[in-house]
Amino acid sequence: MKREVKLFFGALVVLLVSFLAINCGNYGAQKTFNGTQVFYTSAVTLNEVEKLGNYLVEEGFADGEHKSVQLNKTGNTYEFRMVVKKGIETDLEYRELGKLIATELSTYVFNGARVDTHFCDEKFKTLIVLPMLTY
C-alpha cells in the first residue's frame, strides 16, 4: 500500500496548485519541509507537525517544489488538508487515493488515529472530505 501512496504523491505533485495567496487568510502557524508549506492550527502539536513534515519528505511529496498543506484536528480526527487543482475532487481515482493517503497517515504518522484527507481550493476551503479506509 505504501508504494501506491508514493505513486499518488508523485502524480498529485503535478496537480497541486503551486502557490497560496498567503495574505488572504490566516491558515495557522507554518513550517516548511523541503519547499512544502505545512500550516497548522492550535489543535495540533508541533511534534505532530514535525512527524507529518518528515513523512512528506520521506515519501517524496515534499520534493523542493512549492506546495501548501494544512494540518488540523477536530475532536479525535486529524484533517490533512491539501490544496489541489479544481476538478480533482470529482475524479474517482483521486478520491480513492485521497482515502488511501488518510489511511497511510493514520498508520505511519498518527499512531492509528482517525484521519480525513480534505481536497481544498487555494484558500483551504474544503472541496471534498475523503475519510480513511477501514478494513
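The structure presented is a predicted model; accordingly, all values stated were derived computationally and were not measured. (Residues numbered from 1 in each chain as written. Predicted model: local features only at pLDDT ≥ 70, side-chain atom pairs only at ≥ 80, totals over all residues. Heavy atoms only, no water.)

Here's the deal with the packing of aromatic side chains
Counted only if it meets this: Side-chain rings of Phe, Tyr and Trp (the six-membered ring for Trp) are treated as a pair once their centres are within 6.5 Å; stacked means planes under 30 degrees apart, edge-to-face means over 60, and tilted covers the remaining angles. Secondary structure elements follow DSSP: runs of H or I no shorter than four residues count as helices, runs of E no shorter than two count as strands, and numbering proceeds from the N terminus. Working definition: with a 1.4 Å probe on protein chains only, accessible area under 20% of the residue-type maximum means buried, over 50% means exposed, and in between means partly exposed. Charge-over-ring placement is defined geometrically: NZ (Lys) or CZ (Arg) within 6 Å of the ring centre, and within 35 degrees of the ring normal.
Considering all chains together, one arrives at 5 aromatic pairs under this definition. Arranged with centres 5.9 Å apart and planes meeting at 70°, the rings of F39 and F124 form a pair that is edge-to-face. Remark: F124 occurs in the loop between strand 5 (114–120) and strand 6 (126–131) and F39 occurs in strand 2 (residues 36–40); sequence separation between them is 85 residues. Like F124, F39 is buried. Three or more aromatic residues joined by ring pairs make a cluster, and in this case those are Y27, F39 and F124. Just above the ring of F61 sits the side chain of K67; from NZ or CZ to the centre is 5.4 Å.

Examining the side chain of D116
So the rule is basically this: The contact criterion used is simple: two residues touch if any of their non-hydrogen atoms lie within 4.5 Å.
Following the sequence through the fold, D116 ends up in strand 5. Classification of D116 as buried rests on a relative accessible area of 12%. If sequence neighbours within four positions are ignored, D116 has contacts with T77, Y78, E79, F80, A102, V129, L130, P131 and M132.

Remember, this is a structural readout, not a statement about activity or role.
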